[in-house]
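Inside the fold
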Amino acid sequence: MRVDILTLFPNIFSGPFEESIIKKAREKGLIEIRIVNIRDYTTDKHRTADDRPFGGGPGMVLKPEPIFAAVEELKGEGRARVILTTPQGRLFTQDYARDLAKEDHIIIICGRYEGVDERVRE
């Protein structure tokens, strides 16, 4: 199984995946976990990955363009289950974990700030 995690803060994930059962699974080749910096898929010189919400409102949201570019590249010619983390989303339960364990490739988009542009969720 391959898991790609898209985030603005890749260093946050380095510690947890180097410990305990996840470390053992990685060493045995049971799972490949790759941390992907969303900023690597921006197109401006400042590597801007967030913006004010369209139509106004508080906070910042992640822009859709870098996320779309990252997901498309990571999927390549294959199939992948794409998951957007959000408080409004599906509850992560043991049954859901079993369901995900059947997948060959999962891409997890980690939201931040006030969330992501609505076009990403759609």
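Below you will find a few notes about this structure. None of the values given here were measured: they were computed from a predicted structure. (Residues numbered from 1 in each chain as written. Predicted model: local features only at pLDDT ≥ 70, side-chain atom pairs only at ≥ 80, totals over all residues. Heavy atoms only, no water.)

1. Brief notes about the layout of surface pockets
Here is the rule: Site definitions follow a grid-based scheme: protein atoms alone, a 1 Å grid, a 1.4 Å probe that fits but cannot get out for cavities, and for pockets an open set with protein on both sides within 12 Å along at least five of seven lines, plus lining residues having an atom within 4 Å of a point. Grid points are joined across faces, edges and corners, and a volume is the space filled by probe spheres set on the points. Labels follow the DSSP assignment, with helices taken as runs of H or I lasting at least four residues and strands as runs of E lasting at least two, numbered in each case from the N terminus. Under this grouping Gly is polar, as are all residues other than the nonpolar Ala, Val, Leu, Ile, Met, Phe, Trp, Tyr, Cys and Pro and the charged Asp, Glu, Lys and Arg.
Here the largest pocket is characterised by a volume of approximately 550 Å³. Along the wall of the largest pocket there are 20 residues; nearest its centre are Ile-83, Phe-92, Leu-100, Ile-106 and Ile-108. At the level of secondary structure, the elements contributing two or more residues to the lining of the largest pocket comprise strand E5 (81–85), helix H3 (94–101) and strand E6 (105–110). Residues of the lining of the largest pocket, tallied by class, amount to 16 nonpolar, three polar and one charged.

2. Concerning the pattern of salt bridges
For side chains bearing opposite charge, pairing can occur when the charged atoms are close. Here is the rule: For salt bridges, the criterion is a side-chain nitrogen of Lys or Arg within 4 Å of an Asp or Glu carboxyl oxygen.
Summed over all chains, the structure comprises seven salt bridges. The partner of Asp-4 in a salt bridge is Arg-2, with the nearest N and O atoms 2.8 Å apart.

3. Considering the sheet that holds strand E2 (residues 32–37)
In plain terms, the rule: What makes two strands pair is DSSP finding at least two bridges between them. Whenever a helix is involved, its axis is fitted only over the stretch in contact; in every case the axis is a line through C-alpha atoms, and angles between N-to-C directions fall within 0 to 180 degrees. In this description, contact between two residues means that some pair of their heavy atoms is separated by no more than 4.5 Å.
The strand order across the open sheet built from four strands is E2-E1-E6-E5, with neighbouring strands paired in parallel fashion. Here the strands that pair on one side only, and so sit at the sheet edges, are E2 and E5. When strand polarity is set aside, the average angle formed by the axes of neighbouring strands in this sheet is 20 degrees. In terms of strand pairing, strand E1 (residues 2–7) meets E6 through five bridges, oriented parallel. Among the inter-strand pairings, Asp-4 is bridged to a residue of E6, identified as Ile-107. Sheet contacts for H3: E5 and E6; angle to E5, the most-contacted strand, approximately 145 degrees.

As far as function goes, none of this settles anything; it's purely spatial.
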